[in-house]
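Notes for the structure review
Letter by letter, the chains look like this.
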Amino acid sequence: MPGSLQAVRRLDNYARSVAQPPRDESTASTRTDPSPLDPSASDSPAVEPFNDPSVDADADIASRSSFQRRLWMVVALALVVRLIWVVFAARQPQGLTDMTRYLAAARDIALGKGYIDFSTAQPTTYYPPGYPIFIGAIAFVMRPFGSFEDRLPYAIAVVQAFLGAGSVYFLGRLGRSLWSAKAGLIAALGLALYPNLVMHTSGVLSETFYIFLILASLHVLLAVPFESWTGRQAWLRAGGFGVLFGMAALVRPIALPAVGVLVVIWLRGRTAASGKDRPARGWSRASAMRWSAVAVVATLAVVGAWTVRNTLRMNQVVLISTNTGDNLCIGHSSQATGGFHLRPGCVAVAGDTTDGTAAEVAHDKELTKRSIRWTIEHPGEEPRLMVSRIYQTFHADDDAVMVVQDYQHELWLSPLQEGALRIAANVAYVVVGIGGLVALLWRREWWRGPRRQMFVWTMLVMAVVPLAFFGEPRFKVPVIPFLIVLAAGLFGPPDTVLLDDTVPLDDTVLLDDTVLLHDTVPADDPMEAR
């Protein structure tokens, strides 16, 4: 039970005890002994109920401690499972795929050459820079030990195993904060054992790193009710969220629209308890504007630093990356199928990305304009292509089976092993997908309260925005943790009443800040207490 409700209960119990009428001694002395057959009879004297706040606090602390212990056990399980998979599945990529290009970029970054194209040795920003910089940092750490290129894929997989376990921790904390302790543990266990995400650990692709950044940013933002934010805490949480979310945007720029959704929810400032007889706002508009400004500025500062680099190194303003034109053309051209293809009709007159820095930027601009123009001139094609994109993205969740085999360049899994992995991955996907959608439609509490709304709308933005380009199973992988939390909520109603969902800040009962923070911030997590 959160602090707000406990405090109200304590005040109510105290008021009842004070208002209790004095005991009539004459009546007490002349009462007759109850019948031994009376089930309400007792040899013990009647004792008035008394709720000791210290007992409630001790029980609350014990509950939090128990949750933490169980969560760490699940995190340890997630790490062990992923490390076992890494030993079994990590490989050096052989084909000319995204993984090979990422490794080449990491090698150049580690050698101090910067982010350059491996074929031209000129500055590039074709792929978003977040993941190449991340694995480049791993390569830089390995460089003094020699022959780091051969061992780099294995080192990346090991680091990603730890990031995957970290994601399990953050998801468990989010599930507990937004719904219940049971949901948090179930969600953590679901993510720990989710087949496709476990398999992605060994691939040199951005999914594991991206999910870690998204969940870390949401944990910083949503772990504590907004009403309990103090001045310093508000700056740290809004700013910390912005920095982490900006880093996530450098991995996948399609995350950026989610920031706008969060700002809108903040500015609305409504709690789930808003109604005719309750105040409509849970915090002042000035507070909402400050939080929004801090979050947006922090996000843009991270992204803007890379934009400045592009302006200096590419000699033109490029926000994040230059693959937008290719991605649009794959899904918006006369040869578009709705899914990924090798863009036979997406050749730019200005040149290809392998023709140097200037050609890369011109290529991106030309294909972006061409794709937009084609979409405007062929509006009847969009519904058909959209249906295909949705199918290509959401029909299955076993793409990691191809990833670990370097997109069929190294078929080291036997047909039996591959079939078993695909079945396990898709069975888990069906359970999580159906459970998450049912919870979204049935559990109306997910649409109440600003923190839950932010969680749900972030998921929806991440699911919908990629459909503007083309359909690809990898695009929906970051949505899976959100669906796992929603599905976990089906195992029971919320076992806590969220402060920002029930008690507006200006309600009739004023709570002491110390009690509020003690009862809403888990005492056993140092990060929460900051």
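Residues numbered from 1 in each chain as written. Predicted model: local features only at pLDDT ≥ 70, side-chain atom pairs only at ≥ 80, totals over all residues. Heavy atoms only, no water.

1. Considering the overall build of the protein
Quick note on the threshold: Working definition: helices are DSSP H or I runs of at least four residues, strands are E runs of at least two. Numbering for both runs from the N terminus. Type-normalised accessible area, obtained with a 1.4 Å probe on protein chains alone, sets the label of each residue: buried when under 20%, exposed when over 50%, and partly exposed for intermediate values. In what follows, residue pairs with any heavy atoms lying within 4.5 Å of each other are defined as contacts. Surface accessibility follows the Shrake-Rupley procedure with a 1.4 Å probe radius. Residue values consider only the protein chains on display as shielding.
Each helix and strand counted, the protein has 21 helices and zero strands in total. Residue burial in the protein is summarised as follows: out of 530 residues, 51% are buried. Excluding contacts between residues fewer than 6 apart, the proportion of contacts in the protein whose partners are at least 24 apart in sequence is 77%. On the protein, roughly 24,700 Å² of surface is accessible, and the fraction owed to carbon and sulfur atoms is 65%.

2. Description of the packing of helix α6 (residues 148-178) against helix α7 (residues 181-193)
Put simply, the test is: Axes here refer to lines fitted to C-alpha atoms; in helices the fit is confined to the stretch in contact. Angles between the N-to-C directions go from 0 to 180 degrees. Roughly parallel means an angle under 35 degrees; roughly antiparallel means over 145; roughly perpendicular covers 65 to 115; every other angle is labelled oblique. Crossing handedness follows the turn of the near helix against the far one: under a right angle anticlockwise gives a left-handed crossing, and clockwise gives a right-handed one. Residue type decides the class: Asp, Glu, Lys and Arg count as charged, Ala, Val, Leu, Ile, Met, Phe, Trp, Tyr, Cys and Pro as nonpolar, and the leftover types, Gly among them, as polar.
In the contact formed by α6 and α7, the axes pass within 7 Å of each other and the chain directions differ by 155 degrees. Here α6 is positioned roughly antiparallel relative to α7, judged by the angle of their axes. The element α6 and its partner α7 pack so that their crossing is right-handed. Note on element contacts: α7 touches α6 through Ala181, Ala183, Gly184, Ala187, Ala188, Leu191 and Ala192, opposite Ser167, Val168, Leu171, Gly172, Gly175 and Arg176. Taken together, the residues of the contact of α6 with α7 sort by class into eight nonpolar, four polar and one charged.

3. Some points on the state of the cysteines
Spelled out, the test is: The rule for a disulfide is simple: a pair of cysteine sulfur atoms within 2.5 Å.
This model, assessed by the stated rule, comprises one disulfide. Note that cysteine 329 is cross-linked by a disulfide to cysteine 346, the S-S spacing being 2.0 Å. Because the sign of the S-S torsion sets the handedness, a value of about -95 degrees for the bond joining cysteine 329 and cysteine 346 places this disulfide among the left-handed ones. Residue cysteine 329 is located in helix α13 (residues 324-331), and its partner cysteine 346 is located in the loop between α13 and α14 (357-377); the two are separated by 17 residues in the primary sequence.

4. Here's the deal with the pattern of salt bridges
Let me state the cut-off plainly: Salt bridge, as used here, is a side-chain nitrogen of Lys or Arg placed within 4 Å of a carboxyl oxygen of Asp or Glu.
Counted under the stated rule, the structure contains eleven salt bridges. Across the pair arginine 252 and glutamate 207 runs a salt bridge, and its minimum N-O distance is 2.2 Å. One end of the pair, arginine 252, is in the loop between α10 (231-251) and α11 (257-268); the other, glutamate 207, is in helix α9 (residues 207-222), and 45 residues separate them in sequence. Across the pair, exposure class does not vary: arginine 252 and glutamate 207 are buried alike. A salt bridge links arginine 384 to glutamate 381, with the nearest nitrogen and oxygen atoms 2.5 Å apart. Here arginine 384 pairs with glutamate 381, and both are found in helix α15 (residues 381-394), just three residues apart, close to one helical turn. Look at arginine 384 and you get partly exposed, because its relative accessible area is 45%. Relative accessible area serves as the criterion here: at 28%, glutamate 381 is assigned to the partly exposed category. Taken together, the shared-partner salt bridges connect Asp98, Glu207, Arg252 and Arg474 into one network.

5. Looking at the nonpolar core
Convention followed: For our purposes a nonpolar core is just a set of buried Ala, Val, Leu, Ile, Met, Phe, Trp, Tyr and Cys residues, chained together by side-chain atoms within 4.5 Å.
Counting residues in each nonpolar core, the largest one holds 109 residues, and the members touching the most others are Leu221, Leu222, Phe226, Trp229, Trp266, Trp446 and Phe455. The dominant element in this core, judged by the number of residues it contributes, is α6, at 14 residues. Counting residues in hydrophobic clusters, the runner-up holds ten residues, among them Ala89, Ala400, Val404 and Ala425.

6. A closer look at helix α19 (residues 480-488)
Counting buried residues in α19 gives nine out of nine residues, a clear majority hidden from the surface. Looking at α19, one finds that the buried residues are Ile480, Pro481, Phe482, Leu483, Ile484, Val485, Leu486, Ala487 and Ala488. At its buried positions, α19 is contacted by α6, α7, α8 (195-200), α9, α17 (415-442) and α18 (450-464).

7. So, α6
Operational definition: A helix's residues, less one, multiplied by 1.5 Å, set its expected span.
In a regular helix each residue adds 1.5 Å, so 31 residues correspond to 45 Å; α6 covers 43 Å between its end C-alpha atoms and thus fits that length. The buried fraction of α6 amounts to 24 of the 31 residues, a majority that puts the element mostly inside the structure.

8. Section: a nonpolar patch on the surface
Applicable threshold: Each patch groups residues whose relative accessible area exceeds 30% and which form no salt bridge, using 9 Å between like charges and 5 Å between nonpolar side chains of Val, Leu, Ile, Met, Phe, Trp and Tyr.
A surface patch of nonpolar side chains, amounting to about 410 Å² of accessible area, comprises Val430, Ile434, Val438 and Trp442. Residue position: tryptophan 442 is located in helix α17.

9. A short note on the packing of aromatic side chains
Given two aromatic rings, one states the distance between the centres and the angle between the planes to describe the pair. Defined as follows: A pair of Phe, Tyr and Trp rings is counted when the ring centres sit within 6.5 Å of each other, with Trp represented by its six-membered ring. The angle between the planes then sorts it: under 30 degrees is stacked, over 60 is edge-to-face, the rest tilted. Placement of a charge over a ring requires the Lys NZ or Arg CZ to be within 6 Å of the ring centre, with the centre-to-atom vector within 35 degrees of the ring normal.
The full count for this structure, using the stated rule, is 24 aromatic pairs. The interplanar angle of 50 degrees and the centroid separation of 5.6 Å between the aromatic rings of tryptophan 85 and phenylalanine 88 together place this pair among those described as tilted. Of this pair, tryptophan 85 and phenylalanine 88 both sit in helix α3 (residues 53-89), three residues apart, roughly one helical turn. With 5.3 Å between their ring centres and 75 degrees between their planes, phenylalanine 88 and tryptophan 412 make a pair best called edge-to-face. Of this pair, phenylalanine 88 sits in helix α3 while tryptophan 412 is found in the loop between α16 (400-403) and α17, placing the two residues 324 residues apart along the sequence. Here the basic side chain of arginine 91 rests over the ring of tryptophan 412, its NZ or CZ set 4.0 Å away from the ring centre. The residue whose ring lies beneath arginine 176 is phenylalanine 67, and the NZ or CZ to ring-centre distance is 5.2 Å.

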